[in-house]
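What follows is each chain in one-letter form.
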Amino acid sequence: MNKPRVLIAEELSPATVEALGPDFEIVECDGADRTALLAAIVDVDAILVRSATMIDAEALAAAKKLKVVARAGVGLDNVDVKAATQAGVMVVNAPTSNIVSAAELAVALLLASARNIVPANAALTNGEWKRSKYTGVELSDKVVGVVGLGRIGILVAQRLSAFGVKLIAYDPYVQPARAAQLGIRMVSLEDLLVESDFITVHLPKTPETIGLIGDAELHKVKPTVRIINAARGGIVDEKALYEALVDGRVAGAGVDVYSKEPCTDSPLFGLEQVVATPHLGASTDEAQEKAGISVARSVRLALAGELVPDAVNVQGGQMADQVKPLVPLAEQLGLIACSLAEDAVERVDVEVLGDVIEHDVRVLELSALKGVFQNLVHDPVSFVNAPVLAEQRGVEVALTTDRESGDHRSLVRVKLTLTNGTKVVVGGTATGPRNIGKIVEIDGYDIDVAISDHLAFLRYQDKPGVVGIVGRLLGEAGVNIANMQVARNETGHALIVLTLDQPAPAATLESIVSAISAMSGRAVSLI
């Protein structure tokens, strides 16, 4: 019997091959050589890559037997996850492999900025002794503002606490009580900007966080502040940061990530008070070895037909056919519910109803959690790290089942309890021979809308003319409405759910909310 073939397309640690074991035929190629990659990928069962190999629709089409793409690292910028999903190819990564390395680099950039390490070193190696010019500042008793209190943000805060700093943080999805246990005071973004002596960024890159710290924000900070971004490029506006540094409104910066990468020509590189590195967050021997071992184990599980916790798209493994279509549905419902939440999440309840409960449905709890945290952290969320993220943020999680499912053969309901006491409830089902996912309820409103890549939700006091206004403003923005459904309750409040061919621009949504005096308006993209 032939062994499954595994293609290693980039240099990985020897521990990676050891973790694969003797049950596979290992082949190698240079993944950066496109011709070599397309020839080698044709008849392999799995491929292991780092960041230089592009696994796009063309590569996936050439791979006739491919079952798994394994990225030995965290980011998936070089893997077309949507195309892989459509091809039925599982994508796995190593979501926790680099968190210690990334946190340590952020601390290193902060210290280097505080003590002017880079310009002092450059001056000395150039034959200049300039002790007074490169006088720095101590960390002790300074206020450090952590923007984003996820796994890496917490690790950074824990390490900096040893320097005797005062820790504050901004993260709308973290409960103050949980932060207090870590010795961190939660504040608004504006308060963090005003109070901090150092600001370190650890947020995901989403439409909401791009440009989060821009020109307006950099006019609020202390002129002695030092800003560190080792998270994702674009969260700190690089042009605005450059101008603030030149104007003397910011004292220094440490930058590891850029809005466009690779980046070898930035105005920031010409400033002595900037320490810049080429996206080195995961570049340690330990992180690379952890990543290789992690994805090797995932490949073994996937090719053995077992459940793969680190799968980021297609969830393989031994599960009942009745459960499989509900896995992506639960994730989508979790993402939608979290997008509709207006405060931090305190508790997640996942309800599974119908005959499907005869089978093991615990994966649906994990899938819903995966969706809830999809846009809250800057690393891909998997079935294995979602519960860890919930625990770190003090979020309680519960799964309940019931055979009674009302009008539906099966129903998944995700309930979020928020810190302000309100709840968000989104329910859905999979219907028809193709198991199309549908939303069938939102916060007590009965609806029936197929889930699509782009959705929008509007709540308002029911009145004539609203549908026309919504259609006109979206039309003027070049956004086509694929489907629209209106539901209302006994109090006269109404809910519009839209499926769109394009994402609704934030400015257009704001115009609609204003024009119809809506209580809320949210756009959600599931891709």
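Located above this text is the structure these notes cover.
About the criteria used
Residues numbered from 1 in each chain as written. Predicted model: local features only at pLDDT ≥ 70, side-chain atom pairs only at ≥ 80, totals over all residues. Heavy atoms only, no water. Helix = DSSP H or I, 4+ residues; strand = E, 2+ residues; numbered from the N terminus. Rg over C-alpha atoms; globule rule 2.2 N^0.38 Å. Buried < 20%, exposed > 50% of the residue type's maximum accessible area, 1.4 Å probe, protein only. Arc of directions from axis to C-beta. Contact = heavy atoms within 4.5 Å. Core = buried A, V, L, I, M, F, W, Y, C linked by side-chain atoms within 4.5 Å. Salt bridge = Lys/Arg side-chain N within 4 Å of Asp/Glu carboxyl O. Pairing = 2+ DSSP bridges. Axes fitted to C-alpha atoms, helices over the stretch in contact; angles between N-to-C directions. Phe/Tyr/Trp six-rings, centres within 6.5 Å; stacked < 30°, edge-to-face > 60°. Patch = residues over 30% accessible without salt bridge, like charges linked within 9 Å, V, L, I, M, F, W, Y side chains within 5 Å. Areas by Shrake-Rupley, 256 points an atom, 1.4 Å probe, with all protein chains shown as cover. Lys, Arg positive; Asp, Glu negative; His and termini not counted. Charge placed at Lys NZ, Arg CZ, Asp CG, Glu CD.

> Would you mind going over the overall build of the protein chain in detail, with residue names and values included?
A count of helical and extended segments in the protein chain gives 17 helices and 22 strands. Against the globule reference of 24 Å for 527 residues, the protein chain gives a C-alpha radius of gyration of 25 Å, in line with a compact fold. In terms of overall dimensions, the protein chain has a C-alpha envelope of 80 × 65 × 45 Å along the principal axes. Residues counted as buried form 51% of the 527 residues belonging to the protein chain.

> Residues and numbers for helix H17 (residues 506-515), please.
Within the span of H17, buried status applies to Thr508, Leu509 and Ile512. One face of H17 carries all of its buried residues, which in axial projection span an arc of 100°. Turned more than 90 degrees off the buried face of H17, the exposed positions are Ala506, Ala507, Glu510 and Ser514. Where the residues of H17 are buried, they touch strand E19 (454-461), helix H16 (466-476) and strand E22 (520-525). Just downstream of H17 lies serine 517, where phi reads positive at about 55°.

> How would you explain the nonpolar core if you had to name every residue and give the values?
Residues Leu364 and Leu416 are the most contacted members of the largest nonpolar core, which totals 53 residues. For leucine 364, the residues in contact, after removing those within four places along its chain, are Val323, Leu326, Val327, Ala330, Val350, Val352 and Val412.

> I'd like a rundown of the pattern of salt bridges, residues and numbers included.
Side chains that differ in sign of charge can pair as their charged atoms come close. Scanning all chains against the criterion turns up 28 salt bridges. The shortest N-O distance in the salt bridge between arginine 413 and glutamate 351 comes to 2.6 Å. One end of the pair, arginine 413, is in strand E15 (residues 410-418); the other, glutamate 351, is in strand E13 (residues 345-354), with 62 residues separating them in the sequence. Of the two residues, arginine 413 and glutamate 351, both sit in the buried class. In the salt-bridge network here, residues are joined through shared partners; they are Glu351, Arg413, Lys415 and Glu441.

> Please set out the sheet that holds E19 residue by residue, giving values where relevant.
With antiparallel pairing, the four strands of this open sheet are ordered in space as E20-E21-E19-E22. A strand with exactly one partner marks an edge of an open sheet, and here the two such strands are strand E20 (481-488) and E22. Each adjacent strand pair in this sheet contributes to an overall mean axis angle of 15°, direction not counted. With seven bridges joining them, E20 and strand E21 (residues 493-500) adopt antiparallel strand pairing. Across the sheet, the residue bridging to methionine 484 is leucine 498, located in E21. Along the sheet, helix H13 (residues 326-340) contacts E19 and E22; its crossing angle with E22, the most-contacted strand, is approximately 145°. Sheet strands touched by H17: E19 and E22. Its angle to E22, the strand with the most contacts, is close to 155°.

> Outline the packing of aromatic side chains, listing residues and values.
Taken as a whole and assessed by the stated rule, the structure comprises one aromatic pair. When the centroid spacing of 5.7 Å and the interplanar angle of 85° are considered together, the rings of tyrosine 258 and phenylalanine 269 count as edge-to-face. Residue tyrosine 258 is found in the loop between strand E11 (252-255) and strand E12 (274-276), and its partner phenylalanine 269 is found in the loop between E11 and E12; the two are separated by 11 residues along the sequence. Given a relative accessible area of 36%, phenylalanine 269 falls into the partly exposed group.

> Would you mind going over a negative patch on the surface in detail, with residue names and values included?
Judged by side-chain charge, Glu18, Glu104, Asp285, Glu286 and Glu289 come together as a negatively charged surface patch. Among the elements that make up the negative patch, the one with the highest residue count is helix H12 (residues 285-303) (three residues). Within the secondary structure, glutamate 104 is located in helix H5 (residues 99-114). In this structure glutamate 104 comes out as partly exposed when scored by relative accessible area, which is 46%.

> Give a detailed account of the sheet that holds strand E8 (residues 184-186), specifying residues and quantitative values.
Taken together, seven strands build an open sheet; the order of strands is E8-E7-E6-E9-E10-E11-E12 and the sheet is parallel. The open sheet terminates on both sides in strands that have one partner only, identified here as E8 and E12. Shown here is a sheet whose adjacent strand axes are inclined to one another by a mean of 15°, direction ignored. In this sheet, strand E7 (residues 166-170) lies alongside strand E6 (residues 143-147) in parallel orientation, the contact comprising five bridges. Note that in E7 the partner of glycine 145 across the bridge is isoleucine 168. This element, H5, spans strand E9 (198-201), strand E10 (226-229), E11 and E12 of the sheet and lies at about 155° to E10.

> Go over the side chain of serine 101, please, and point to the residues and values.
Mapped onto the fold, serine 101 is located in helix H5. Classification of serine 101 as buried rests on a relative accessible area of 9%. Once you skip the residues sitting within four places of it in the chain, serine 101 turns out to touch Gly281, Thr284 and Ala287.

> Please give an account of unusual backbone geometry that cites residues and values.
The omega torsion across glutamate 261 and proline 262 is 0°, close enough to zero to call that bond cis. Positioned with a positive phi, asparagine 116 is a non-glycine residue whose angle comes to about 55°. By the secondary structure assignment, asparagine 116 is in the loop between H5 and helix H6 (117-125). Asparagine 116 sits in the buried class, given a relative accessible area of 16%. Located in the positive-phi region is aspartate 141, a residue other than glycine, with phi close to 70°. By the secondary structure assignment, aspartate 141 is in the loop between H6 and E6. A relative accessible area of 54% means that aspartate 141 is categorised as exposed.

> Give me the environment of arginine 50: which residues, what numbers.
Structurally, arginine 50 is set in the loop between strand E3 (46-49) and helix H3 (57-62). A relative accessible area of 28% means that arginine 50 is categorised as partly exposed. Taking C-alpha positions, arginine 50 is 8.1 Å from leucine 12, a pair spaced 38 residues apart along the chain. When neighbours within four sequence positions are excluded, arginine 50 is seen to be in contact with Glu10, Glu11, Leu12, Arg71, Ala72, Asn78 and Gln288.

Remember, this is a structural readout, not a statement about activity or role.
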